[in-house]
Amino acid sequence: MTSQHSASAEANHEGTGIECVTIDGVEISVTRRDLIEESFDDCIDPCFFEQDYTVAASTGFHIWEGCHIMIDQLQSGALNEMVKGRRVLELGAGTGLGGLCAAAIGAHVLLTDVPSVVWGMLNPNIARNTPSVPSDGLAKKAPLKGDPATLTATTSETGGSVPGAVQATSCTPWPSAVSVGRGTAAAVALDWTTPVSRAGALDPMEAEVILAAECIWLAELVPPFVTTVSTLLRGPNKPWCLLCYRDRAHDQSATFVHMESVVSAFKAAGCTVTRLSDHVVDRERDKGKSTDRNKRVVMYRVELAHK
């Protein structure tokens, strides 16, 4: 997949597969949908009748190029030190591969998506990568790596204990987080079409870094996405957002959205967008020289404009 981290994939006859990534010596594996196998008639989508499940939501069950570019940067780029020990929130997390890799190197990650993706993909994939956590949920406490003196139990808003939950004075895991690699991970539903709000003890507004890898590609997703990000950027920790974007739109495209439109929407919401780096998708064929934007993933930094 990439030269910076090792990855492998396998598929089965039911239209699902396992994607494995080794990052910083930690192996992360997630279940994902297989685009080819899924075309068979006997492949039934268990989320098809969920109210929140849409065509856009269904893409979260796949792994896209921007996710692997983000993992490259987590492994050896500047992003590595920027997320370690931080409360990280991933928007449109899908399979959770990107966020779980951030947890593997020491970040405290809150994976978010629509409810059907959270229960159908994120919770099982967290469980796959957490010691002592059953595959059917996150009900049992998993041991946390770190200094026990900095880790204490947390409680729910009703005063009851939250199974597997931890809180630290210096490491700041999210409430209900469980151990993944050198960091921690938790998952919660966050629908961009509704206002950002607390979910029990979990408050997305407490993020320090926001990750978003290829989770906006339809024009209709831009307004709710920009509203959600700009709201989170106004949180108490003054976070910033790393946005990995592959522009799939053509000049006359009415479905896909150009990044120029996304940038304009962010500026209208009081944000600045800085282009950080370009990465060729088809590395073998293009040899790093492609100028076609449809073959490139571009990384941007989004933050509130300073007044």
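Report on the accompanying structure. Values in this document were obtained by computation on a predicted structure and should not be read as measured data.

1. Some remarks on the nonpolar core
Reasoning step 1: In terms of nonpolar packing, the biggest core is built from 40 residues, with I28, L74 and L97 touching the most fellow members.
Reasoning step 2: If you tally residues by element for this core, the top one is helix α4 (residues 97–104), at 6 residues.
Reasoning step 3: For I28, the contacting residues outside a window of four places in its chain are E19, C20, V21, L97, L100, C101, A104, N129 and V180.
Reasoning step 4: Counting residues in each nonpolar core, the second largest holds 39 residues, with W174, L233, L243 and V263 among its members.

2. Let's talk about the packing of helix α2 (residues 65–76) against α4
Reasoning step 1: Contact pair α2 / α4: the axes reach a minimum separation of 9 Å and the direction vectors enclose 10°. Relative to α4, α2 is oriented roughly parallel. The segment α2 lies against α4, with C67, H68, M70, I71 and L74 engaging L97, G98, C101 and A102.
Reasoning step 2: Per-class residue counts for the contact of α2 with α4 are 7 nonpolar, 2 polar and no charged.

3. Focus: the packing of aromatic side chains
Reasoning step 1: Applying the stated criterion across every chain, the model contains 2 aromatic pairs.
Reasoning step 2: Considering the side-chain rings of W192 and F225, the 5.0 Å spacing of their centres and the 65° angle between planes classify their relative orientation as edge-to-face. Within this pair, whereas W192 is found in the loop between β9 (183–189) and β10 (209–213), its partner F225 is found in helix α6 (residues 222–232), the two being separated by 33 residues in sequence.
Reasoning step 3: Ring centres of F225 and F266 lie 6.1 Å apart, and the angle between their planes is 80°; on these two criteria the pair is classed as edge-to-face. A residue pair is termed long-range when its members are at least 10 positions apart, and F225 in helix α6 and F266 in helix α7 (residues 259–268) qualify at 41 residues.
Reasoning step 4: By relative accessible area, which is 1% here, F266 ends up buried.
Reasoning step 5: Connected via pairs of aromatic rings, a cluster forms that spans W192, F225 and F266.

Each value, and the rule that gives it
- Residues numbered from 1 in each chain as written.
- Predicted model: local features only at pLDDT ≥ 70, side-chain atom pairs only at ≥ 80, totals over all residues.
- Heavy atoms only, no water.
- Core = buried A, V, L, I, M, F, W, Y, C linked by side-chain atoms within 4.5 Å.
- Buried < 20%, exposed > 50% of the residue type's maximum accessible area, 1.4 Å probe, protein only.
- Helix = DSSP H or I, 4+ residues; strand = E, 2+ residues; numbered from the N terminus.
- Contact = heavy atoms within 4.5 Å.
- Axes fitted to C-alpha atoms, helices over the stretch in contact; angles between N-to-C directions.
- Parallel < 35°, antiparallel > 145°, perpendicular 65-115°, else oblique.
- Nonpolar A, V, L, I, M, F, W, Y, C, P; charged D, E, K, R; others polar.
- Phe/Tyr/Trp six-rings, centres within 6.5 Å; stacked < 30°, edge-to-face > 60°.

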